[in-house]
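# Summary of the model geometry
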Amino acid sequence: MAPGGGDGRRNGGETQANGGKSSNGGCVCGFPVCACAGAAAVASAASSAEMDRVVAVAATEGQIGAVNDESWVAVDLSDDLSGDGGDDGVAIEDRPVFRTEKIKGVLLHPYRVLIFVRLIAFTLFVIWRISHRNPDALWLWVTSIAGEFWFGFSWLLDQLPKLNPINRVPDLTVLRQRFDRADGTSRLPGLDIFVTTADPFKEPILSTANSILSILAADYPVEKNTCYLSDDSGMLLTYEAMVEAAKFATVWVPFCRKHGIEPRGPESYFELKSHPYMGRSQEDFVNDRRRVRKEYDEFKARINGLEHDIKQRSDAYNAARGLKDGEPRATWMADGSQWEGTWVEPSENHRKGDHAGIVLVLVNHPSHSRQFGPPASADNPLDFSMVDTRLPMLVYVSREKRPGFNHEKKAGAMNALTRCSAVLTNSPFILNLDCDHYINNSQALRAGICFMLGRDSDTVAFVQFPQRFEGVDPTDLYANHNRIFFDGTLRALDGMQGPIYVGTGCLFRRITLYGFDPPRINVGGPCFPKLGGMFAKTKYEKPGLEMTTKAAVAKGKHGFLPLPKKSYGKSDAFVDSIPRASHPSPFANAAGDAGVVTDEATITEAVAVTTAAYEKKTGWGSNIGWVYGTVTEDVVTGYRMHIKGWRSRYCSIYPHAFIGTAPINLTERLYQVLRWSTGSLEIFFSRNNPLFGSTFLHPLQRVAYINITTYPFTAIFLIFYTTVPALSFVTGHFIVQRPTTMFYVYLAIVLGTLLILAVLEVKWAGVTVFEWFRNGQFWMTASCSAYLAAVCQVLVKVVFRRDISFKLTSKQPAGDEKKDPYADLYVVRWTWLMVTPIIIIMVNIVGSAVAFAKVLDGEWTHWLKVAGGVFFNFWVLFHLYPFAKGLLGRHGKTPVVVLVWWAFTFVITAVLYINIPHIHGPGGKHGHGALGRHAHGHHGVKLGGFEGEVYGWP
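Keep in mind that what you see is a predicted model, and the values were worked out from it rather than measured.

## Remarks on the UniProt feature "active site" (unreviewed entry) in the chain
Feature annotation in UniProt assigns "active site" (unreviewed entry) to the following positions: Asp232 and Asp634. The residues touching aspartate 232, leaving out its near neighbours within four places in the chain, are Thr197, Ala198, His355, Arg399, Lys401, Lys409 and Ala413. Note that aspartate 634 resides in helix 18 (residues 633–642). Aspartate 634 sits in the buried class, given a relative accessible area of 11%. The residues touching aspartate 634, leaving out its near neighbours within four places in the chain, are Tyr501, Val502 and Gly503.

## Quick word on a nonpolar patch on the surface
Together, Phe685, Leu795, Val796, Val798, Val799 and Phe800 make up a nonpolar patch on the protein surface, roughly 530 Å² of accessible area in all. Mapped onto the secondary structure, leucine 795 falls in helix 23 (residues 769–800). Of the residues examined, leucine 795 reaches a relative accessible area of 41% and is grouped as partly exposed.

## A word on the sheet that holds strand 15 (residues 468–470)
What the 3 strands build is an open sheet, ordered 13-18-15; its pairing is mixed. The open sheet terminates on both sides in strands that have one partner only, identified here as strand 13 (438–439) and strand 15. As paired elements, strand 15 and strand 18 (residues 658–661) share 3 bridges and run parallel to each other. Considered in strand 18, the bridge of glutamate 470 is made with threonine 661.

## As for helix 18
Buried residues dominate helix 18, accounting for 10 of its 10 residues. Turning to helix 18, its buried residues number three or more, namely Glu633, Asp634, Val635, Val636, Thr637, Gly638, Tyr639, Arg640, Met641 and His642. Check the buried side of helix 18 and you find it contacts helix 10 (409–424), strand 14 (460–464), strand 16 (506–509), strand 17 (647–650), helix 19 (666–684) and helix 20 (699–710).

## Overview of the packing of aromatic side chains
Tallying each qualifying case throughout the model produces 40 aromatic pairs. Geometrically, the ring pair formed by phenylalanine 684 and phenylalanine 685 is edge-to-face, given 5.2 Å between the ring centres and 90° between the ring planes. According to the relative accessible area criterion, phenylalanine 685 is partly exposed, its value standing at 38%. A network of ring pairs unites the aromatic residues Phe248, Trp252, Phe255, Tyr269, Phe270, Phe285, Tyr296 and Phe299 as a single cluster. Across from the ring centre of tryptophan 155, 4.8 Å away, lies the NZ or CZ of arginine 118, which sits over that ring. The ring of tryptophan 620 is capped by arginine 419, whose NZ or CZ atom sits 4.8 Å from the centre of that ring.

What counts and how
- Sequence order as written defines the numbering, with residues in each chain counted from 1.
- In view of the model being predicted, local features appear only for residues whose pLDDT reaches at least 70, and side-chain atom pairs are presented and counted only at 80 or more, with totals across whole chains, interfaces and linings using the full set of residues.
- Only heavy atoms go into the side-chain values, all of them from the structure, while hydrogens and water stay out.
- UniProt positions are given in the numbering used here, feature names are shortened, and annotations may be inferred rather than shown by experiment.
- Whether two residues are in contact is decided by their heavy atoms: any pair within 4.5 Å suffices.
- Secondary structure elements are taken from DSSP: a helix is a run of H or I of four residues or more, a strand is a run of E of two residues or more, and numbering for both begins at the N terminus.
- The rule is simple: take the accessible area with a 1.4 Å probe, protein chains only, and divide by the maximum for that residue type; under 20% is buried, over 50% is exposed, in between is partly exposed.
- A residue counts toward a patch only above 30% relative accessible area and without a salt bridge, and it is joined to like-charged neighbours within 9 Å or, for Val, Leu, Ile, Met, Phe, Trp and Tyr, to nonpolar neighbours within 5 Å.
- Note on areas: these come from Shrake-Rupley sampling with a 1.4 Å probe, and a residue is covered only by the protein chains present in the view.
- Criterion for a salt bridge: a side-chain nitrogen of Lys or Arg within 4 Å of a carboxyl oxygen of Asp or Glu.
- Paired strands, in this sense, are two strands between which DSSP finds at least two bridges.
- Under the pairing criterion, centres of Phe, Tyr and Trp rings, with the six-membered ring standing for Trp, must be within 6.5 Å; the plane angle then separates stacked pairs below 30 degrees from edge-to-face pairs above 60, leaving the rest tilted.
- A ring is scored as having a charge over it whenever the NZ atom of a lysine or the CZ atom of an arginine sits within 6 Å of its centre and within 35 degrees of its normal.

So, in structure tokens, the structure goes:
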């Protein structure tokens, strides 16, 4: 049976329905006695009040899952997995907070069988190719064989981790029953949310403000939710924009709670064409919405005018001081003090890459009791008398930067936030978001926390949400949604050891960032229980439990740290916070948490742990926190957790949890893919190569990581496959001399199984065939440009030890969005990455034209003998059509200029070939008449090998 068969998942379902106990008395984790049974873990801090939430609840209250056609996933909802039916008579504390659903066997079993059928057919196909040499073009034959091997190998790397896709659905009804008390308080654990930004001009400041507002308005206990904004630019513009956002939040957040607003990002909400209201008073809602919309318009006007206001204010202060020419001109805050970060007119100690660290609390930690707002009045028409108006804590952080230090870009910012938040709030869980991502579903935080509080969830390091984007054209020309990867690959990995970390929309268990091992290791899971038992680790106990032993107490409060104390830095306040970061914490105060302290001494300590020199001679960036040394710090950070035996979970809900902004044009999209592919290769050539990972890594998880770190190498072979077939029409040298019947049989099986696998995959992944094909189109564009450039850059880095630098992907629109919201997607910004796809397009047009000319000139007497080759050339051109459209076209229109240029080049080449005798030689049809019989077989091989490639990576 294929790994991860239906029997294993059925047993897992029975385990969940029976409160964590399997039919043989054991647990799903494979251990006779474990922490899965009994009551779930409780929050480390004391209980506190939950915000008052007035929102209509549908019949399926609390269950977020695939409820619409867009996110549909075929699942079996048998009695043992139904969730509600199996919970009759089960104590509330023992009910699971999420359900695991298996994919229908009618989709999954044929899918698995076809993978092995295609593997056998492809193997026989390659054997046939090896045994049928072409002595007239031996170098082409050898190169093509190498390409066939690589395409088959990369296809296998992509398919094997997809043998066991599953679907996990959080149950918010059970979560509320277990953790929300009748008096309105909640036992949910604390959550620190990190938002990172680096440039307020390339990353629109209004987008960042909307992200912060959506976080403050999310449905999570107010006193348990803290938002941290990391500003790597250190500019006053970002800080004052957050001050304005905090002011507007006093209106926006109560409005969302009162009327159950979705989504809770104001820009996206007010752009909705319709505003269905499910509350109690339609008239009250209309009046409130009109008032809040006016407040938001004024808020946007203030945001857009901040840059001018700051400059004008600073000029006035500097003029009043009578500064002379050449003296530093400071940037001034609204309270009349100098800004400690980057100045508008940079000077020493006040410019990008050289400024002091800043930690400012914009919204203080709220009280534990609800605070209702004022009733409506003449001055305040908004009635919040029955609404909790408290706001979550909001903190602005700009780490210190100094010349001579490598600040490690985003990874360094995340590590600084980790230490700063530990000193201030030290929540056991961390959610990281990019500044252009906002919370689209107010239940997203609760949905993610379900996978951290369920049975056997103490071995889960992180929960990854899929990335969703807005501002993408309806045809998704550049495959920005990339749902084949998110809903296909990541969902399938959830059936193994878990999805990879993709940089944003990820919920972490804090202690995993400190280098801790999991309390137990069961990499096998329900589908491979014996495999998990082989690698079970018994010498390690949970950090919180170990602290209760006498031996640990004798060692001192830092005795249980997995690494030496000096590895964490010189801050005792930070190191003291580590034991309290576990969930549940052994230091939880039964009398209740005294609250978060933000006095001057604490803020000073928070600034100290963000200094540029703090990480010197420590384990940060290697064994602790986000990993350095690659531009894709996300992938390698998740990998380091997986090789320790930690697991991860995939959480896809509807409405989508988070929505971000996609790159605005082809140039930015190619640079984004270049950064990703370069980072993947950097991991492959580093000590984090998955080939040498620990035995705690699930075998198929290892295969997935190998695929992630090697996919850019496809460019080397793809360039050959997209050019040589076309040039063969000109040179007369082909790869296959004479195809046989078995060749066509193997080719038909390889191509047929590929198409059937694609249909089955898009079905269980819940995507469309169009999305699959669009992903394939951009895969070819990226392979011919960004992947090839990544290979060259990394080879230069490895050989010559030269660092690679990247510019920040711009999300700032430059066109007129009112006339055409997608205008910027087609703004041409020339880059050297476009050269190779343009050459491939020209080569294939010329090759097809030469073949056409040879038929007309009589060199090849039968169309059928070149039909296969010409078809392949047009197949390549069709895949590169989105690239050509983005280069020359316009949204919503067929770019006639593209077709005209293609036709013009085709005709001119054919005419020149026919009318210049020395090109094709004397005698017309007698010059190369023997070449025609090879053309179809040659290009058939290209289809067989090329179609075997994977469309799964961006």
